[in-house]
Amino acid sequence: MTVAPARNVPGPVDAPVAPPKVVRQRRIRPGLLGLAVLLVALGGLGSAFAITSVRATGSYLAVARPVAVGSLLTADDVTRVEVAGGQGLAPIAASRLRDVVGKRAAVTLTPGTLLTANQLTDKPMLGPGQQQIAISQRIGAVPAKKLRPGDKLLLIGLPDKSKSEADAATTRFETTVIDTSVPDNNTVVLYLALAVRDVPAVVALNANNRIAVVLTSAA
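A brief look at the structure comes next. Numbers given to residues run from 1 along each chain, matching the order in which its sequence is written. It should be noted that, the model being predicted, local features are given only for residues of pLDDT at least 70 and side-chain atom pairs only at 80 or more, the latter also being counted only at that level, while totals for whole chains, interfaces and linings use all residues. With hydrogens and water stripped out, all remaining heavy atoms of the structure feed into the side-chain values.

## A closer look at the environment of Leu-61
Okay, step 1: A run of H or I in DSSP counts as a helix once it spans at least four residues, and a run of E counts as a strand once it spans at least two, with each numbered from the N terminus. By the element assignment, Leu-61 lies in strand E1 (residues 57–63).
Okay, step 2: Given the relative accessible area of 3%, Leu-61 is considered buried.
Okay, step 3: Residues contacting Leu-61, with those up to four places away along its chain left out, are Val-78, Thr-79, Ile-92, Ala-93, Ala-94, Leu-97, Val-100, Leu-114 and Leu-115. Per-residue accessibility, obtained with a 1.4 Å probe over protein chains only, is compared with the maximum for each type, and a residue is labelled buried under 20%, exposed over 50%, and partly exposed between these values. Residues are treated as being in contact if the distance between any of their heavy atoms lies within 4.5 Å.

Next comes the structure, spelled out in structure tokens:
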């Protein structure tokens, strides 16, 4: 009888066995959890507020056509517009149209811009130490086809023809146009802001038709 040789079967190995890793679960503090929830809520409210601000619309007044400084505002000078948002602006509401008409433009108004209260005034366009006067001129003696409020003028007192050339004196006065009117086809009335000290002399010269008008700066 034949006996088969025994196979070499590895026996048990006395090697150290690594213990299983235990993953510790981090504890979430209740305070931090509440703060996270609060931040998420505030973020949602902020987004909602921003969307609402952008989508909110209002009816305001805008400039419809050019308006020179010092001019009286009419209903045709403004138009009603719908504006979305408007954060940081202070435009005049369309419902206040009656409060706007009849006021003067404190600055030059440009078409397409929103109308604000600081662009208007109900006071005469007079500076410190000035008074308003009116002088009449023939159409052909006016230096521009149409003078506008804010235009700077130089009034030149013409010599008195009744006096000799040696006694004739030429005087000059700086002034600013407040408004104009055309009562007829031959005359223009200029409403001017003039220094108080110059008013008596200019009134006397105007009464004798001895004033020449020069445009020095356009508004």
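## Observations regarding the pattern of salt bridges
Okay, step 1: Salt bridges, as used here, are contacts in which a Lys or Arg side-chain nitrogen is within 4 Å of a carboxyl oxygen on Asp or Glu. This structure, assessed with the given rule, holds four salt bridges.
Okay, step 2: The partner of Glu-82 in a salt bridge is Arg-80, with the nearest N and O atoms 3.9 Å apart.
Okay, step 3: Taking relative accessible area as the criterion, Glu-82 reaches 55% and is therefore assigned exposed.
Okay, step 4: Residue class for Arg-80 comes out exposed when judged on its relative accessible area of 60%.
Okay, step 5: A salt bridge links Asp-99 to Arg-96, with the shortest nitrogen-to-oxygen separation between them at 3.7 Å.
Okay, step 6: The class of Arg-96 is partly exposed, set by a relative accessible area of 38%.

Geometric values such as these leave the question of function open.
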